[in-house]
Amino acid sequence: MVNLKQLCKNSELAAEYKKKLVTADEAVKVVKSGDRVHYGLFCGIVRDLDQALAKRTEELQNVLVCDTIWAYDEIPAILKADPDSKHFKYLSTHMSGLDRKMNKEGRCWFIPVQFRENPKLWAENVGDIDVAMLQVSPMDRFGHFNFGPQTAEYWGIFAAAKKIIVEVNENQPVVHGVQNSIHISQVDMIVEGSNGKLPNLIAKPASETEKKIAGHIVERIRSGSTLQLGIGGMPNYVGSMISESDINDLSVHTEMFVDAYVNLYNEGKITGNKNTNKGKMVFTFAMGSQAVYDFLDDNPMGYMAPVDYVNALEVIAANDNFVSINSCLQVDLFGQVNSESAGLQHIGGTGGQLDFVMGAFKSNGGQSFLCTPSVRINKDGSKESLIVPRLPEGSIVSAPRSASHYIVTEFGAANMKGKSTWERSELLISIAHPEFQDELIKEAEKMGIWKNSSKICY
Ligand SMILES: CC(=O)SCCNC(=O)CCNC(=O)[C@H](O)C(C)(C)COP(=O)(O)OP(=O)(O)OC[C@H]1O[C@@H](n2cnc3c(N)ncnc32)[C@H](O)[C@@H]1OP(=O)(O)O
Ligand SMILES: CCCC(=O)O
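Residues numbered from 1 in each chain as written. Chains lettered and ligands numbered in written order. Predicted model: local features only at pLDDT ≥ 70, side-chain atom pairs only at ≥ 80, totals over all residues. Heavy atoms only, no water.

- Looking up the chain in an unreviewed UniProt entry gives the name Probable butyrate:acetyl-CoA coenzyme A-transferase, with the organism given as Sinanaerobacter chloroacetimidivorans.
- Quoted straight from UniProt, the Function (unreviewed entry) entry for the chain says "Coenzyme A-transferase that converts butyrate to butyryl-CoA."
- Under Sequence similarities (unreviewed entry), UniProt gives the following word-for-word description of the chain: "Belongs to the acetyl-CoA hydrolase/transferase family." (UniProt positions renumbered as here; feature names shortened; annotations may be inferred.)

What follows is the structure, given as structure tokens:
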């Protein structure tokens, strides 16, 4: 916790800290029925305040609580305390596996967003946030609380917030960057929390299919590239393949900072020799194993900045040879990419995917890769092609056909740019699973986009 002796040179700061210090139970008394509450972002979601608010369940009605991703293994305490969602309405602008589970149960609602727009959305479009809560690291001698490994849209949330409560967690690393802290003068209440560990997000090991997908990407990456890697086993495996390759002199400009970057840095692959923020590893939030949080703690190479900067097309594109690698769920024969739903069932938000697809293409020599295994094995054992003639009813187009660049499966990488609808369908069928190719050709013929019987044209 904050060392008040260290603050003795600034007794005003110490006095302000003491004045604002309350217990979690006292702090949540500020929440009223009908309020909109923000619980914080990513690894900065409040835990003690959540427990305290849960104790008030019966007294409160219709409280809206927002998050981006619920990153912990157990559902929020307020939802445990309110199994029928009579008192709290829970909303997410992206959704994790657990948010998804709550969504299926009708207990968590999705707000569709372009992640880049989130700060403005909170600041200007939603109305007041009655109470904004967030975890922070202990106050420094200048009166600042560092946000830990996330900033993303905090500036927009604070612009809309009527009250701000910080929950201090000694395990929050102090992360370098801009708009990465809040000053005590902006804070209404300080709660010293129980110092829980940050979420330990270990990517699943890459499957054989994902390893093949990674291989098709890595053979296209040049030394001197700037990398954006998305979430999951495959992007992390791309990192390990690069470590073992002769690709060098890489830079990091990414939405999410993950373990792969720590490994690449340790292998001496990161020089940061890019056009923007030279020498810095740029990101807007980090999630991974404890190694990620330890790496970023007081690391001057880290540069965390708001999402409207990090995901801005112009900023991404200013870096030459930008390489963006993300996953998707399905691609149709026009090259339209669904990364968000299984039909009507919501899986996850679009996040920054479209920004990086478009920003990477705009960069000199830039490339974006949207990846999916060619098939999915369903619970009943049936095999389903993820290259489909048309996206099923209810699907969401996350990257439109006009934006998609490389689509990658274990059977290869298909470049959509500048290709006619006929060429696209041929290329996509050529990277579909062989068991589904004939059926896809028949469908493409019926749809009037297949004008040639040859399966492979390149
Ligand atoms: C954080 C960053 O990535 S920054 C980069 C920019 N942002 C993005 O790319 C955001 C969009 N992308 C994403 O959200 C993810 O990459 C996804 C959802 C497309 C893929 O995520 P992955 O974890 O690789 O995919 P995975 O195959 O494990 O599927 C995720 C879930 O959807 C479910 N799912 C996938 N396809 C289907 C389907 N056809 N039917 C039913 N469920 C499905 C899976 O079962 C899994 O559910 P679970 O976690 O509850 O078990
Ligand atoms: C919250 C956004 C994360 C993503 O882009 O996937």
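Still to come is the rest of the account.
Points about the side chain of Asn311
- By secondary structure assignment, the location of Asn311 is in the loop between helix 12 (307-310) and helix 13 (313-317).
- A distance of 2.9 Å separates a polar atom in the side chain of Asn311 from a polar atom in the side chain of Glu255. (Helix = DSSP H or I, 4+ residues; strand = E, 2+ residues; numbered from the N terminus. Polar contact = N/O pair within 3.5 Å; in protein donor to acceptor, adjacent residues only side chain to side chain.)

Structural notes on unusual backbone geometry
- In this structure, Asn195 is a non-glycine residue whose phi angle is positive, near 55°.
- In this structure, Asn195 sits in the loop between strand 9 (189-192) and helix 8 (208-218).
- Positive phi, close to 45°, is recorded for Asn277, a residue that is not glycine.
- Its place among the elements puts Asn277 in the loop between helix 10 (259-266) and strand 13 (281-283).

Re the site of ligand 2
- Contacts to ligand 2 come from Phe42, Thr68, His94, Phe115, Glu255, Gly351 and Gly352.
- At a separation of 3.4 Å, an oxygen atom of ligand 2 approaches a polar side-chain atom of His94.
- Take Glu255: an N or O atom from its side chain is 2.3 Å from an oxygen atom of ligand 2.
- Protein coverage of the free-state accessible area of ligand 2, which is 230 Å², stands at 83%.
- A per-class count over the shell around ligand 2 returns two nonpolar, four polar and one charged. (Near = heavy atom within 4 Å. Areas by Shrake-Rupley, 256 points an atom, 1.4 Å probe, with all protein chains shown as cover. Nonpolar A, V, L, I, M, F, W, Y, C, P; charged D, E, K, R; others polar.)

So, the domain arrangement of the chain
- As far as domains go, the chain holds domain 1 (6-192) and domain 2 (208-446).
- On a C-alpha basis, the centres of domain 1 and domain 2 stand 30 Å from each other.
- Interface of domain 1 and domain 2: buried area, both sides summed, is about 2600 Å²; carbon and sulfur atoms make up 65% of it.
- Three residues, Phe115, Arg116 and His176, lead the burial of domain 1 against domain 2; their summed loss comes to 25% of the area buried on that side. (Domains from an automatic or database assignment. Buried area = accessible area lost by both parts, 1.4 Å probe.)

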